[in-house]
Every structure is written in structure tokens, then in C-alpha cells.
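Breakdown of the fold
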Amino acid sequence: MPELPTREDALALMHEYTENENLRKHMYAVEAAMRAYARKFGEDEDLWGLTGLIHDFDYERFPNESLSATEEHPSSGVAILRDRGWPEEILHAVMAHAEHTGIAPETLMAKTIRAVDELTGFVIACSLVRPTGISDLKSKSVKKKLKDRSFAAAVNRDEIREYTEVIGEDMTEHIDFVIEAMRGIADTLELEGNA
């Protein structure tokens, strides 16, 4: 496998392509969840973390409203990463995290990013409507909100359910695990609340 880029390399690239603070926070959240799962599964934490941090870096510039399988996000980003010599395992996971590419997630890393990607966004949404932010958020509250289709309506609930099962996790434990990972960077995500 080629040498891993550094986190600094990934951050520089992400900041170059992404000005939207909320999109940056999403990538930080996915990075935190991926690092936590890498530790849990005994995998390479830097590899998994980089994948989470970089997976949407091209989204702002190449939004892909038409859901093209071969152009714009994430294909454009993967082409940039490939030109820079990023490892194929990361490129596969970044392509496979977006259902419209038609690339099935084959590695545990690629399956895990599918399990955490939408969920981290949903946890952020749940935290933002609480005076205490993420500090005391529990899976029970998140599951209740998941049933309310009008809350954070853009979040793909089916993907969360499907890939939680694919990686062999219980939904309640998965949600609590992701919350805990994100709680570790609550200041970066600005989810401390104001209570």
C-alpha cells in the first residue's frame, strides 16, 4: 500500500475545496466516528480517520445534483486523490460511500463509513435542537427523532439501518458509540450546547 498521506495533507485539501463550515464539521464528525470504529475493530486508525475526513471534500465544488455515477461528487474528488497518490483502499471507500456511484462497499472500512455518514449528520441535527447539545444526548432521543420523518428529512434512515446491520452492530449501541465518538470533539463541532 502506498504511504498514507498525513492528516495535515487531508486537512489542507479539505480546506482548499470546502469553505462551508457545516460541511467541514460533518467531515470531522465522520472522521471521529471512523477512528473510534477502527479502534473497536482493531483496524488502522489513521487510514480509517483519513477516509472519514476526506470523503466529502469535493462536495461543495462538485455537488452532483444529477447523481451521476461517473462525474462530480465523489468521482471528481477520487480523481484528484488518485492523481495525488492516495491509497486505493481510501478511493474505494470514498466512491462506495455514495450509493449513486453503483460501487458496492467491499471492505469493512467502506461498509462502516456507510453506517456512520448519515448518522453523524443526524446526531448533529439532534444536538443542535437541545439546550445541552451533545453533552447528554442518548440513543433513545435519536431513535425517537429517526421515527419523525419530517425531522432532518434529508437523512437516509434506511442506509443507517441497513449498514448498522451490515457491520454487525446493534442500532442502540451503534448510535451511542457514534455519539460518544463525536462528544470527544464537541468543541470542534460546536455542539456543547448553551445550557
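Here the structure is shown first, and the text comes after it.
Further remarks concern the layout of surface pockets. Its volume calculated, the largest pocket comes out at about 800 Å³. For the largest pocket, the lining is made up of 28 residues, of which His 26, Asp 56, Tyr 59, Asp 117 and Glu 118 are closest to its centre. For the lining of the largest pocket, the secondary structure elements donating two or more residues are helix H2 (21-41) and helix H6 (108-128). If one sorts the elements of the lining of the largest pocket by residue count, H6 sits on top with six residues. Here the residues of the lining of the largest pocket sort into twelve nonpolar, eight polar and eight charged.

Okay, unusual backbone geometry next. Glycine aside, negative phi is the norm for most residues, and most peptide bonds take the trans geometry. The residue after His 73, namely Pro 74, is reached through a cis peptide bond having omega 0 degrees. Mapped onto the elements, Pro 74 comes out in the loop between helix H3 (45-54) and helix H4 (75-83). Within the chain, Glu 72 stands out as a residue other than glycine whose phi angle is a positive 60 degrees. Within the fold, Glu 72 resides in the loop between H3 and H4. A relative accessible area of 31% means that Glu 72 is categorised as partly exposed. A positive phi angle, close to 45 degrees, is found at Ala 152, a residue other than glycine. Take Ala 152: it is sitting in the loop between helix H7 (139-147) and helix H8 (157-166).

How each quantity is defined
- Residues numbered from 1 in each chain as written.
- Predicted model: local features only at pLDDT ≥ 70, side-chain atom pairs only at ≥ 80, totals over all residues.
- Heavy atoms only, no water.
- 1 Å grid on protein atoms, 1.4 Å probe; cavity = no way out; pocket = protein on both sides within 12 Å on 5 of 7 lines; lining within 4 Å.
- Points joined across faces, edges and corners; volume = space filled by probe spheres on them.
- Helix = DSSP H or I, 4+ residues; strand = E, 2+ residues; numbered from the N terminus.
- Nonpolar A, V, L, I, M, F, W, Y, C, P; charged D, E, K, R; others polar.
- Buried < 20%, exposed > 50% of the residue type's maximum accessible area, 1.4 Å probe, protein only.

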